[in-house]
Amino acid sequence: MDITAETTLREVNAFSIQTLEALIADIDALRATGEAVTLEQDYPTAQVVGQALSSLAGIRMQLETRRVTLENKRREWDGEEPLSGAGTFTPTLPTSAA
């Protein structure tokens, strides 16, 4: 997408959602491939693949959280109800007792 002075925020939002959806689909395909072959590997390799799949799951949650945020902004503009945030990731910092 070429952003120009005429590009609207709605167009940027739509392009961002499409990009996130494409990345999420690619991650899902990669995870499915990794999960399908895990049992055919030696233990150390399966362990490394499992760690990579776990990292991809975390990345997917972050992408999905951003997608829901952008989709809810579009829904707000259109006067629609927001999507549920279920299944999304909200990072929190640890706190200590005072």
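From a predicted model like this one, the values you see are computed outputs, not experimental measurements.

Asker: Would you explain the environment of V68 in this entry?
Answerer: Relative to the helices and strands, V68 is located in helix 2 (residues 43-78). Note: C-alpha distance between V68 and S84 (16 residues apart in sequence) is 8.1 Å.

Asker: How should I be thinking about a nonpolar patch on the surface in this particular structure?
Answerer: Judged by side-chain polarity, M1, I3 and F15 come together as a nonpolar surface patch covering roughly 310 Å² of accessible area. With respect to the secondary-structure elements, I3 resides in the segment before helix 1 (9-37).

Asker: Whenever I open this one, the pattern of salt bridges confuses me. Can you help?
Answerer: Oppositely charged side chains can form a pair if their charged atoms are brought close together. Going through the model one piece at a time under the given rule, you end up with 10 salt bridges. Put simply, R31 and E35 hold a salt bridge, and the shortest N to O gap is 4.0 Å. Of this pair, R31 and E35 both sit in helix 1, four residues apart, which is roughly one turn of the helix. A relative accessible area of 22% places R31 in the partly exposed class. In this structure E35 comes out as partly exposed when scored by relative accessible area, which is 48%. The salt bridge partner of D78 is R74, with a shortest N-O separation of 2.6 Å. Remark: R74 and D78 occur in helix 2; sequence separation between them is four residues, near one turn of the helix. Residue D78 is classed as partly exposed on the basis of its relative accessible area of 37%.

Asker: So what exactly am I meant to see when it comes to helix 1 here?
Answerer: Think of an α-helix as turning once every 3.6 residues; residues three or four places apart then point the same way. Given a rise of 1.5 Å per residue, 29 residues ought to cover 42 Å, and the 42 Å separating the end C-alpha atoms of helix 1 matches this to within 8%. Buried residues along helix 1 sit against helix 2.

Rules used in this analysis
- Residues numbered from 1 in each chain as written.
- Predicted model: local features only at pLDDT ≥ 70, side-chain atom pairs only at ≥ 80, totals over all residues.
- Heavy atoms only, no water.
- Helix = DSSP H or I, 4+ residues; strand = E, 2+ residues; numbered from the N terminus.
- Patch = residues over 30% accessible without salt bridge, like charges linked within 9 Å, V, L, I, M, F, W, Y side chains within 5 Å.
- Areas by Shrake-Rupley, 256 points an atom, 1.4 Å probe, with all protein chains shown as cover.
- Salt bridge = Lys/Arg side-chain N within 4 Å of Asp/Glu carboxyl O.
- Buried < 20%, exposed > 50% of the residue type's maximum accessible area, 1.4 Å probe, protein only.
- Expected span 1.5 Å × (residues − 1).
- Contact = heavy atoms within 4.5 Å.

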